[in-house]
Amino acid sequence: MYLVESFLSIQGEGKYAGSPSLFARFGGCNLNCKGFGCEFTSPLDNSKLIGCDSLYAVNEKHFKSEWESFNNSQELFSKITSHVKDINYLPHLVITGGEPLIHYKNPVFCGFLELVLDRGFNVFFETNGSVNIDFDAFPLYKKVRFAMSVKLSNSGEKYKKRVNKKAVQSIVLHAKEAFFKFVLDKKIIKQSAKKEILDITSGFDMPIFCMPLGKNRAEIKKNASSVVLFCIKNGYNYSDRVHINLWDNKKGA
Ligand code: SF4
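Residues numbered from 1 in each chain as written. Predicted model: local features only at pLDDT ≥ 70, side-chain atom pairs only at ≥ 80, totals over all residues.

**Q** Lay out the environment of Asn122 in plain terms, naming residues and giving numbers.
**A** For Asn122, the location among the structural elements is in the loop between helix H3 (107–119) and strand S7 (123–127). What makes Asn122 partly exposed here is the crowd of 19 C-beta atoms within 10 Å. For Asn122 and Ile80, which are 42 residues apart along the polypeptide, the C-alpha to C-alpha distance reads 14 Å. The residues touching Asn122, leaving out its near neighbours within four places in the chain, are His92 and Leu93. (Helix = DSSP H or I, 4+ residues; strand = E, 2+ residues; numbered from the N terminus. Buried ≥ 20, exposed ≤ 12 C-beta atoms within 10 Å, placed from the backbone. Contact = placed C-beta atoms within 7 Å.)

**Q** Residue-level account of the nonpolar core, with values.
**A** With 65 residues, the main nonpolar core has Leu93, Phe124, Met148, Leu184 and Cys210 as its most contacted residues. Tallying contributions element by element places strand S9 (residues 177–184) first for this core, with six residues. (Core = buried A, V, L, I, M, F, W, Y, C linked by C-beta atoms within 7 Å.)

**Q** An account of helix H5 (residues 165–174) is needed here, citing residue identities and associated values.
**A** For H5, every residue scored as buried is listed here: Val168, Ile171 and Val172. Taken around the axis of H5, the buried residues stretch over an arc of 100°, which confines them to a single face. Exposed residues on H5 whose side chains face more than 90 degrees from its buried face are Lys166 and Leu173. (Arc of directions from axis to C-beta.)

**Q** If you had to explain the packing of helix H2 (residues 73–81) against H3 to someone new, which residues and values would you point to?
**A** The relative placement of two packed helices comes down to the angle between their axes together with the axis-to-axis distance. Packing of H2 against H3 leaves a shortest axis separation of 8 Å and a crossing angle of 50°. Relative to H3, the element H2 lies oblique. Here the hand of the crossing between H2 and H3 comes out right-handed. Between H2 and H3, the contacting residues are Ser73, Gln74, Leu76 and Phe77 on the first element and Val108, Gly111, Phe112, Leu115 and Val116 on the second. Class assignment for the residues of the contact of H2 with H3 results in six nonpolar, three polar and no charged. (Axes fitted to C-alpha atoms, helices over the stretch in contact; angles between N-to-C directions. Parallel < 35°, antiparallel > 145°, perpendicular 65-115°, else oblique. Left-handed = near helix turned anticlockwise from the far one by under 90°. Nonpolar A, V, L, I, M, F, W, Y, C, P; charged D, E, K, R; others polar.)

**Q** Describe in detail the site of the ligand, supporting the description with residues and values.
**A** In the vicinity of the ligand there are 14 residues, among which Cys29, Leu31, Cys33, Cys52 and Asn128 approach most closely. Its residues placed into classes, the shell around the ligand shows five nonpolar, seven polar and two charged. (Near = placed C-beta within 6 Å.)

**Q** Tell me about the pairing of strand S4 (residues 48–51), residues and numbers included.
**A** The side chains of a regular strand alternate between the sheet's two faces. Of the pairings in the sheet, the one linking strand S3 (residues 38–41) to S4 comprises four bridges and is antiparallel in character. Bridging from a neighbouring strand, Thr41 pairs with Lys48 of S4. Where S3 folds back onto S4 in an antiparallel hairpin, the turn is made up of six residues, including Asn46, whose phi is positive at roughly 65°. (Pairing = 2+ DSSP bridges.)

**Q** Can you lay out the sheet that holds strand S8 (residues 145–148) for me, pointing to particular residues and giving the numbers?
**A** Across the sheet, which stays open at both edges, the nine strands sit in the order S5-S1-S2-S6-S7-S8-S9-S10-S11 with mixed pairing between neighbours. Of all the strands in the sheet, just strand S5 (68–69) and strand S11 (237–238) have a single pairing partner and so form its edges. The pairing of S8 with S9 spans four bridges and is classified as parallel. Of the residues in S9, the one forming a bridge with Ala147 is Phe179.

**Q** I'd like a rundown of unusual backbone geometry, residues and numbers included.
**A** Excluding glycine, most residues fall at negative phi; most peptide bonds, likewise, are trans. Residue Gly98 is bonded to the preceding Gly97 through a cis peptide linkage, with omega at 15°. Looking at where Gly98 falls in the secondary structure, it is placed in the loop between strand S6 (92–96) and H3. With phi around 65°, Asn46 is a residue other than glycine that occupies positive phi space. Along the chain, Asn46 falls in the loop between S3 and S4.

**Q** Please give an account of the environment of His103 that cites residues and values.
**A** Note that His103 resides in the loop between S6 and H3. Beyond its immediate stretch of four places on either side in the chain, His103 contacts Met1, Phe26 and Phe109.

Right under this line is the structure:
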């Protein structure tokens, strides 16, 4: 298991925006959303890399040297919970990536999840909704909540790879709670956002949050008003990206 970073902050997006949250970001993803167009410099060979704003948690080849390896659930638990040792309440625990559910069968990861649930954390997974969890074999995942940010065509990924309706349905059926989050820009709003969101969400009575695409304040500002108008027109919830508005594109915030 590779931990990319962990930190205490507030949730910046979706239904629980503003809630004090302990973040644990794990390395690796089953998608590579180049369409989001964020630029990074490789620590491996200084080459220019393009992807999502979490590319440093996605691209194993180029960023693994910055990830911390864990072979023991208790050590992982101690590392992550060290951020809350001086506070007298339990924040939400947000497990993110990359795509954290690619590790869902990993014994170190499952052991860690058991420990945080035993400790009383309210656990949220931030997922792209494409991993089909076997909830019968791993009932632990029935105790957690899922923010499903299923990727749309602006991610640049192929439909077959990014949309797994069986996986979404299974999460909706089994999870303690689930809701949708979609990342929108002006272009997709004009072209196909409504149709794509309906395709993914039809049949599920789940809250839908739409948020502006952007890796920094300037880009968020460029897309925000179009997303607000789109939400008003279609009855969706607007979600700001509070962490970006507060701290721009700073890592670990
Ligand atoms: S699924 Fe999420 S973490 Fe993975 S590449 Fe796409 S935006 Fe990045």
